[in-house]
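# A look at the structure
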Amino acid sequence: MEKQTLTAEVRETRGKGPARQLRIQGKIPAVLYGPGGETEAITVDPVALHKSLTGPYFKNQLLELDIAGKTQFATIKDLDIHPVTRAIRHADFYRLSLETPATYEVPLKTTGRAKGVVKGGELRALFRTLPVRVTPDKVPAEIVLNVEELDMLESIRAKDVKLEHGELVLPPDRAVVSVTTERKIVAEEEGTPGAAGAAGGTVPPPAKAAAKPAGKK
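My aim in this report is to walk through the structure given alongside it, one point at a time. Since the structure is predicted, the reported quantities are computational estimates derived from the model, not experimental observations. The numbers attached to residues start from 1 for each chain and follow its sequence in the written order. Side-chain atom pairs in this predicted model are given and counted only at pLDDT of 80 or more, local residue features only at pLDDT of at least 70, and totals for whole chains, interfaces and linings cover all residues. Only heavy atoms go into the side-chain values, all of them from the structure, while hydrogens and water stay out.

## Brief notes about the sheet that holds strand β13 (residues 175-180)
The criterion, for reference: By the convention used here, strands pair only if DSSP detects at least 2 bridges between them. Numbering of helices and strands runs from the N terminus; a helix is a DSSP stretch of H or I covering at least four residues, while a strand is a stretch of E covering at least two. Axis definition: a line fitted to C-alpha atoms, limited for helices to the stretch in contact. Angles are taken between N-to-C directions and run from 0 to 180 degrees.
The strand order β8-β13-β11 describes an open sheet built from 3 strands, whose pairing is antiparallel. This sheet does not close on itself; its edge strands, each paired only once, are β8 (122-125) and β11 (155-157). Between one strand and the next, the sheet's axes are offset by a mean angle of 10°, whatever the strand orientation. Here β11 pairs with β13 via 3 bridges, running antiparallel. For Ser155, the partnering residue across the bridge sits in β13 and is Ser178.

## Description of the pairing of strand β5 (residues 70-81)
Here strand β4 (residues 63-67) runs beside β5; their pairing, made up of 5 bridges, is antiparallel. Looking across to β5, one finds that Asp66 is bridged to Thr71. Where β4 hands over to β5, the hairpin turn is made up of 2 residues, of which Ala68 adopts a positive phi near 55°. Where β5 and strand β6 (residues 88-95) come together, 7 bridges link them in antiparallel fashion. Looking at β6, one finds that Ile81 is bridged to Ile88. Between β5 and β6, which pair antiparallel one after the other, the connecting turn spans 6 residues, and Arg86 there sits at a positive phi close to 65°.

The structure is reproduced here in structure tokens:
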């Protein structure tokens, strides 16, 4: 992974009022914290920050913060984003060492059509992201699993996931992707006689209540 350089300035004031003034000036308040140093109040350019996060690594992107001529490696820990405009309002940076592994949530994707899906099964990715412990400069942009050989009721487990760098932080037998029979079961249920929308059939009208004899309630 190539690092992105981001210039930051020391922030002398805190609070909602000063933060509002910073945003008017085209800057946003931020903090840098983590091992190896004190917590620092800083400001960054939101446009430059957004640009540094638009690559494939997003929040896992390795950043080199230049604060008053002193550089420190960091990653994004949290972002406060406006719910309507989607503008970044505040950023938390976490200080890193390139020699120290940390755990990152890496997006999981699958490729190919599983054998079990061809037979009527349903492919289920049980995780959207996978936790990977690795040094900051070796974080993968994504983990791609080929599922073509996955048959009905078969799974790819954590121990089957091969990484170029780092290790998966999951129990070895934890299923990551599997093929279930759910789609077939649902189809069979929908095809049963009398089921709503069943294979061109119609739903029988509700039975009419028996007419009451005249004069009786």
